[in-house]
Amino acid sequence: MYNNYILDLSSLPKELRLLLEIMKTDEHNIIGSVKKELYVDIDWEVFLQLARHHRVYPLVYSKLKNTHDNQIPPHVIQTLYKEYKKNTFQMLHLSGEMEQVSEIFNKNSIRILFLKGPIIAQELYGDISLRTSKDIDILISMTDIKKAEKILLNCGYEKEESPNILNEWKWRTHHISYYHSQKQIQIEIHWRLNPFPSKEPSFEKLWERKRTSNLTTYPVYLLGEEDLFLYLITHGARHGWFRLRWLIDIDQMVLKGLREKQIISSLKKYKYHRIVGQALILTSQLLNTPVNSELKKLTIDNYSEKLAQKSILFISEKSQFEYPKDYMDLLKTNWQKFISLIMRIYPRYIDANTLKLPLPLHFLYFPLRPFLWVWRKTRKST
């Protein structure tokens, strides 16, 4: 079965096309593989900006460091090396903190799964220096949130406050951030992989399928292979794949080999067909990722094709922006759209700012919400 759909890549700047071409090539064959015309009129500062924006500069440097291609100015290689070295220290720093957090949580009987960061760099690339990460993302059971927060606060972390009413944080968001000013490390505690109302495995199921990383001396745990694959895809899709790094993660997982039957089974259960199809269309056409027959069926879908094409616009941009409603709606099943509509009646903190009520009367925000919304709109228009 073959997908004849071809993405329109005309919006990609030439510097991004060159970056993609380098990412697709073997590091020992850069000179012969990249077409010379791709180097014509390249703005190398833009090229470096894109490498940083897409968080792919470590991999780009690893491919270019031994090349003697005079098409690439020496200062570009030198700049990439500086960024690569800085990132290596950052990943080592995060690795040490990850091990400490795992140990202290375990000693306090809190089960913890690491979602991204150095543990994923080691898992996918075999080298923590080849992937970037700005923070540590962990998943725990919701019943352990208060306990975990107390531990982090005692360790010198400060909570990033997010005002809310009627405990809306429990389902309107899916993580809380904590920052250590001295260590300059941010930790995100997740109690869900994705925002509600997406369907996903329970923490208990994820814990049963966990794996132990070989990165550290003290045990640190990560998601099972299929769970990690689907998590990285749902995360990337939710952000429009605006960073190439996320697509390269998927490319690496496909190249390492996937248990397709288990993935197909999860797709049926959690309704991820269209976004997995989107990811595979993008990786196959942007990175030449080989897609086997069972998974290739997912790329032959109008929704997946539309999602993939819309993501090209996001990938072309140099900054993140608010995704259009039609894109976000394509990500959702009809049931999720219905639940999202119902969620709109739930009060938000902005309602409390519009009309301050004492805590015992907060339940009144439910019937008052439509009137408060109209009031805010009226004041804006005057």
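Here the structure is shown first, and the text comes after it.
Residues numbered from 1 in each chain as written. Predicted model: local features only at pLDDT ≥ 70, side-chain atom pairs only at ≥ 80, totals over all residues. Heavy atoms only, no water.

1. Some remarks on the pattern of salt bridges
So, step 1. Summed over the entire model, instances satisfying the criterion amount to 15 salt bridges.
So, step 2. The salt bridge involving E97 is made with K183; its shortest N-O contact spans 2.9 Å. Note that E97 is positioned in helix α5 (residues 74-107) and K183 in the loop between β4 (175-180) and β5 (185-190), a separation of 86 residues in sequence.
So, step 3. E97 gets classed as buried once you look at its relative accessible area, which sits at 6%.
So, step 4. Between R211 and E123 there is a salt bridge, with its nearest N and O atoms 2.7 Å apart. Placement of R211 in strand β6 (residues 211-212) and of E123 in helix α6 (residues 118-125) is noted, with a sequence separation of 88 residues between them.
So, step 5. What makes E123 partly exposed here is its relative accessible area of 22%. (Salt bridge = Lys/Arg side-chain N within 4 Å of Asp/Glu carboxyl O. Helix = DSSP H or I, 4+ residues; strand = E, 2+ residues; numbered from the N terminus. Buried < 20%, exposed > 50% of the residue type's maximum accessible area, 1.4 Å probe, protein only.)

2. Observations concerning the pairing of strand β2 (residues 136-139)
So, step 1. A two-sided burial pattern is seen for β2, the buried positions comprising I136 and I138 on one face and D137 and L139 on the other.
So, step 2. Bridging between strand β1 (residues 113-114) and β2 involves 2 bridges; their strand directions are antiparallel. Within β2, the residue paired with F114 across the bridge is I138.
So, step 3. Bridging between β2 and β5 involves 4 bridges; their strand directions are parallel. When the sheet's bridge partners are listed, L139 is paired in β5 with H190. (Pairing = 2+ DSSP bridges.)

3. Considerations on helix α10 (residues 225-238)
So, step 1. Between the first and last C-alpha of α10 there are 20 Å, a value that for 14 residues agrees with the 20 Å anticipated at 1.5 Å per step.
So, step 2. Burial runs high along α10: 13 of the 14 residues are buried.
So, step 3. Two residues or fewer after α10 comes G240, characterised by a positive phi angle close to 70 degrees. (Expected span 1.5 Å × (residues − 1).)

4. As for the packing of α10 against helix α13 (residues 273-287)
So, step 1. It is at 10 Å that the axes of α10 and α13 come closest, and there the two elements cross at 85 degrees. Our classification of the angle between α10 and α13 gives roughly perpendicular. In this structure, α10 contributes F229, L230, I233, T234 and A237 to the contact, and α13 contributes I275, V276, Q278 and A279.
So, step 2. Of the residues belonging to the contact of α10 with α13, the class tally is 7 nonpolar, 2 polar and no charged. (Axes fitted to C-alpha atoms, helices over the stretch in contact; angles between N-to-C directions. Parallel < 35°, antiparallel > 145°, perpendicular 65-115°, else oblique. Contact = heavy atoms within 4.5 Å. Nonpolar A, V, L, I, M, F, W, Y, C, P; charged D, E, K, R; others polar.)

5. Describing the packing of aromatic side chains
So, step 1. All told, the structure shown has 8 aromatic pairs when counted by the stated rule.
So, step 2. On the numbers, 5.0 Å between centres and 40 degrees between planes, the contact of Y61 with Y84 is tilted. Remark: Y84 occurs in helix α5 and Y61 occurs in helix α4 (residues 57-64); sequence separation between them is 23 residues.
So, step 3. Overall, the relative accessible area of 11% leaves Y61 in the buried class.
So, step 4. A network of ring pairs unites the aromatic residues Y61, Y81 and Y84 as a single cluster.
So, step 5. Lying over the aromatic face of Y221, K210 brings its terminal NZ or CZ to 5.3 Å of the ring centre. (Phe/Tyr/Trp six-rings, centres within 6.5 Å; stacked < 30°, edge-to-face > 60°. Lys NZ or Arg CZ within 6 Å of the ring centre and 35° of its normal.)

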